[in-house]
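Okay, here's what each chain looks like letter by letter:
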Amino acid sequence: YDRLLRIRALRWEYGSVLPNTIQFHMSAEEVEWFNRYKKSLATYMRSVGGEEGLDLTQDVKPPKSLYIEVRCLRDYGEFEIDDGTTVLLKKNSQHFLPRWKCEQLIRQGVLEHILS
């Protein structure tokens, strides 16, 4: 039960795709449980919040500011912001972007939050 609670917490920390280094240490049953949990959570988030759904994994902690400065750690490609602006995320480039749009990429190791 303790491992399942930890695996559930991984979904909130890393998103719907676990890094290979973490998945390597999980049994087949644990990976299956993780996949069922993420599907269940996705179904619930789509059912609330209107047409677009509600991403409960965003802003787990209240943000101090709406925009943050980030550095791209690896080439990612084009990244679209809600206002239609597209930003090219190339390795070592720095950007000032909305926090909620960056949180998932920070957890995935694509972006790094630059603390002033």
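Residues numbered from 1 in each chain as written. Predicted model: local features only at pLDDT ≥ 70, side-chain atom pairs only at ≥ 80, totals over all residues. Heavy atoms only, no water.

The chain goes by DNA replication complex GINS protein PSF1 in an unreviewed UniProt entry, where it is assigned to Chlamydotis macqueenii. Under Subcellular location (unreviewed entry), UniProt gives the following word-for-word description of the chain: "Nucleus". (UniProt positions renumbered as here; feature names shortened; annotations may be inferred.)

Engineer: What's the story with the nonpolar core in this structure? I'm lost.
Structural biologist: A general tendency of soluble globular proteins is for nonpolar side chains to be buried together. Of all hydrophobic cores here, the largest spans twelve residues; its members are I68, V70, C72, F79, I81, V87, L89, L97, C102, L105, V110 and L111. At the level of elements, β1 (67-72), β3 (86-89) and α4 (99-107) are the ones that each hand at least two residues to this core. Broken down by element, this core gets its largest block of residues, three residues, from β1. Those residues within four positions of F79 in sequence are excluded, and the remaining contacts are T85, T86, V87, L89, L97, K101 and L105. Ranked by size, the runner-up nonpolar core spans seven residues in total, among them I7, L18, V31 and F34. (Core = buried A, V, L, I, M, F, W, Y, C linked by side-chain atoms within 4.5 Å. Buried < 20%, exposed > 50% of the residue type's maximum accessible area, 1.4 Å probe, protein only. Helix = DSSP H or I, 4+ residues; strand = E, 2+ residues; numbered from the N terminus. Contact = heavy atoms within 4.5 Å.)

Engineer: Just checking my understanding: could you explain the UniProt feature "domain: GINS subunit" (unreviewed entry) in the chain for this structure?
Structural biologist: This chain's UniProt record puts "domain: GINS subunit" (unreviewed entry) on residues 3-48. Between the end C-alpha atoms of residues 3-48 there is a gap of 28 Å, over a span that is 78% helix and 0% strand.

Engineer: Looking at this structure, how should I read the pattern of salt bridges?
Structural biologist: It is possible for side chains of opposite charge to pair when their charged atoms get near one another. This model, assessed by the stated rule, comprises four salt bridges. With a shortest N-O distance of 2.9 Å, E32 and R36 are connected by a salt bridge. Note that E32 and R36 are positioned in helix α3 (residues 28-47) at a spacing of four residues, about one turn of the helix. Assessed through its relative accessible area of 47%, R36 is described here as partly exposed. (Salt bridge = Lys/Arg side-chain N within 4 Å of Asp/Glu carboxyl O.)

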